[in-house]
Amino acid sequence: MEEFHKVRRLPPYVFEQVNRLKASARAGGADIIDLGMGNPDLPTPKAIVDKLCEVVQDPRTHRYSSSKGIPGLRRAQAAYYARRFGVKLNPDTQVVATLGSKEGFANMAQAITAPGDVILCPNPTYPIHAFGFLMAGGVIRSIPVEPDENFFQPLERAVRHSIPKPLALVLNYPSNPTAFVATLDFYKDVVAFAKKHDIIVLSDLAYSEIYFDGEPPPSVLQVPGAMDVTVEFTSMSKTFSMPGWRMGFAVGNERLIAALTRVKSYLDYGAFTPIQVAATHALNGDGSDIAEVRNVYKRRRDVMVESFGKAGFDVPPPAATMFAWAKIPEKFRHLGSLEFSKLLVEKADVAVAPGVGFGEQGDDYVRLALVENEHRIRQAARNIKKFLSTADETMHNVISLNAHR
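Residues numbered from 1 in each chain as written. Predicted model: local features only at pLDDT ≥ 70, side-chain atom pairs only at ≥ 80, totals over all residues. Heavy atoms only, no water.

Caption draft 1: Just the domain arrangement of the protein, in detail. With domains assigned, the protein is organised as domain 1 (5-43 + 289-389) and domain 2 (46-284). Distance between the C-alpha centres of domain 1 and domain 2: 26 Å. Listed as interface residues are 30 residues of domain 1 and, on the opposing side, 31 residues of domain 2. In total, about 2,800 Å² of surface goes out of reach between domain 1 and domain 2, with carbon and sulfur atoms giving 64% of it. The largest share of the area that domain 1 buries against domain 2 comes from Arg9, Arg294 and Thr321, three residues that together contribute 22% of it. (Domains from an automatic or database assignment. Contact = heavy atoms within 4.5 Å. Buried area = accessible area lost by both parts, 1.4 Å probe.)

Caption draft 2: Inspection of the nonpolar core at higher detail. In this structure, Tyr81, Met236, Met247 and Phe249 are the most contacted members of the largest nonpolar core, which totals 52 residues. Sorting the residues of this core by element identifies α4 (71-85), β2 (95-98), α7 (152-161), β5 (168-172), α8 (184-197), β8 (248-252) and α10 (273-283) as the ones contributing at least two each. The contacts of Tyr81, once residues within four sequence positions are left out, are Gly86, Val87, Leu89, Leu205, Ser219, Leu221, Glu232, Thr234 and Val251. If you look at the next biggest cluster of nonpolar residues, it comprises 41 residues, including Phe340, Val350, Leu370 and Phe387. (Core = buried A, V, L, I, M, F, W, Y, C linked by side-chain atoms within 4.5 Å. Buried < 20%, exposed > 50% of the residue type's maximum accessible area, 1.4 Å probe, protein only. Helix = DSSP H or I, 4+ residues; strand = E, 2+ residues; numbered from the N terminus.)

Caption draft 3: Looking closely at the UniProt feature "domain: Aminotransferase class I/classII large" (unreviewed entry) in the protein. Cross-referencing UniProt, the feature "domain: Aminotransferase class I/classII large" (unreviewed entry) maps to residues 31-382 in the present numbering. What you have in residues 31-382 is 40% helix and 14% strand, and the ends, taken at the C-alpha atoms, are 14 Å apart. (UniProt positions renumbered as here; feature names shortened; annotations may be inferred.)

Caption draft 4: Quick peek at the packing of helix α2 (residues 14-27) against helix α12 (residues 337-348). Interhelical geometry of α2 versus α12 gives an angle of 10° and a closest axis separation of 10 Å. Considering their axes alone, α2 and α12 lie roughly parallel with respect to each other. Touching Val14, Gln17, Val18, Leu21, Lys22 and Ala25 of α2 are Leu338, Ser341, Lys342, Val345 and Glu346, all from α12. The residue makeup of the contact of α2 with α12, split by class, is six nonpolar, two polar and three charged. (Axes fitted to C-alpha atoms, helices over the stretch in contact; angles between N-to-C directions. Parallel < 35°, antiparallel > 145°, perpendicular 65-115°, else oblique. Nonpolar A, V, L, I, M, F, W, Y, C, P; charged D, E, K, R; others polar.)

Caption draft 5: Region of the structure containing the packing of aromatic side chains. For the structure shown, the criterion picks out 20 aromatic pairs. When the centroid spacing of 6.0 Å and the interplanar angle of 40° are considered together, the rings of Phe308 and Phe313 count as tilted. A relative accessible area of 1% means that Phe313 is categorised as buried. Taking 6.1 Å as the distance between ring centres and 85° as the angle between the ring planes, the aromatic pair formed by Phe313 and Phe340 counts as edge-to-face. Residue Phe313 is found in the loop between α11 (288-310) and β9 (323-327), and its partner Phe340 is found in helix α12; the two are separated by 27 residues along the sequence. Members of the aromatic cluster, joined through ring pairs, are Phe151, Phe152, Tyr173, Phe186, Tyr187 and Phe193. Over the face of the ring belonging to Phe323 we find Arg367, whose NZ or CZ atom lies 3.9 Å from the ring centre. (Phe/Tyr/Trp six-rings, centres within 6.5 Å; stacked < 30°, edge-to-face > 60°. Lys NZ or Arg CZ within 6 Å of the ring centre and 35° of its normal.)

Caption draft 6: Spotlight on the sheet that holds β9. Pairing is antiparallel across the open sheet formed by three strands, whose spatial order is β9-β12-β11. Two strands lie at the open edges of the sheet, namely β9 and β11 (353-354), each paired on one side alone. Here β11 pairs with strand β12 (residues 365-369) via two bridges, running antiparallel. Directly across from Ala353, in β12, lies its bridge partner Arg367. (Pairing = 2+ DSSP bridges.)

Caption draft 7: Expanded view of the environment of Pro318. Among the secondary structure elements, Pro318 is positioned in the loop between α11 and β9. Relative accessible area serves as the criterion here: at 5%, Pro318 is assigned to the buried category. The spatial distance from the C-alpha of Pro318 to the C-alpha of Val7 is 35 Å, given a sequence separation of 311 residues. Discounting residues that sit within four places of it in the chain, Pro318 has contacts with Ala179, Phe212, Asp213, Arg301, Phe323 and Ala324.

Caption draft 8: Spotlight on the sheet that holds strand β6 (residues 200-204). The mixed open sheet is built from seven strands, whose spatial order is β2-β8-β7-β6-β5-β3-β4. Taken across any chain shown, the strands that pair with only one partner, and hence form the sheet edges, are β2 and β4 (139-143). Across the sheet, the mean angle separating the axes of adjacent strands is 20° when strand polarity is ignored. Strand direction decides the pairing type here: strand β3 (residues 118-122) and β5, joined by two bridges, are parallel. Note that in β5 the partner of Leu120 across the bridge is Leu169.

Okay, structure coming up:
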């Protein structure tokens, strides 16, 4: 049977090929060190878990919740933005709770996209930024991801040559997978560009609290006038080690938040109420849990940069996020990121995320997640060092088979 229309628009899920190899290797007894999926291994702080256990005892919380989020949770998110960014939000009209930032982004795409609408999207980037709009019938025009002086020229060109004119611009800083961090001055230029061309700004700020060097990453909503054109998405998955809890937020422009809220009201009843209450407790905390998570990732980052560098695999230190974005060693670059990732599973018992899974511009890179402890990261470096040092003897047949690339 022919594939359904929306399924046809989605490319093969390249991460699945690595996942199959990983599962097969583990079934054969291999100890795979998994630096692939960005799935935090740190436990949710005890106080948050205790609050969930307390609230779940009340049978009244077992009923349907609100897809918009309970009032206390929306007030807590507004208070967080006021403390962290100095941004004032109306919790009734400018905040909506989402089932993680991924769901929020996908449903925003459904809410605002007409068939054929053009979306300006970084390449490489987190897959939902592009595929949420593709599934909604939109068209993606790739733009650079690095927030530097070369960022705006392709945007101006896209506005001149896209028919129809672009509907929205996607931002993601700190960036997954590249770990680039934007400045407030950059955001000022983005808002000016968006207002000049009547374009919506959709900012994914999921890694706002996972930063290591310098000032905390800003929010685009700190720019005067940004609220006129912007919605920003955040998540509690990494900040509070709550990935399976599926709790996030969209905040910003009232008209856009209202559109997202209406779409969500047709599709879900919101997160389980005890989860929302526990999330409220987390947001109203003193921030010590966030600081500890940040320190753990920083120690892991430093160990990875040092040990992988000594192994012959240069890993630039990310300034933020729980990922490192590393160029494939020169002698393997012609294979591409998917084949190189497969080799690391087969030859080094290390799983990474192939860069091509985030866009074709990422094919010279792999993403390394800081989701194993320091001992395991050092073991991964030793495995990779052994693989790299023996590759000339063991890899001649593989390289020959892939020489057409």
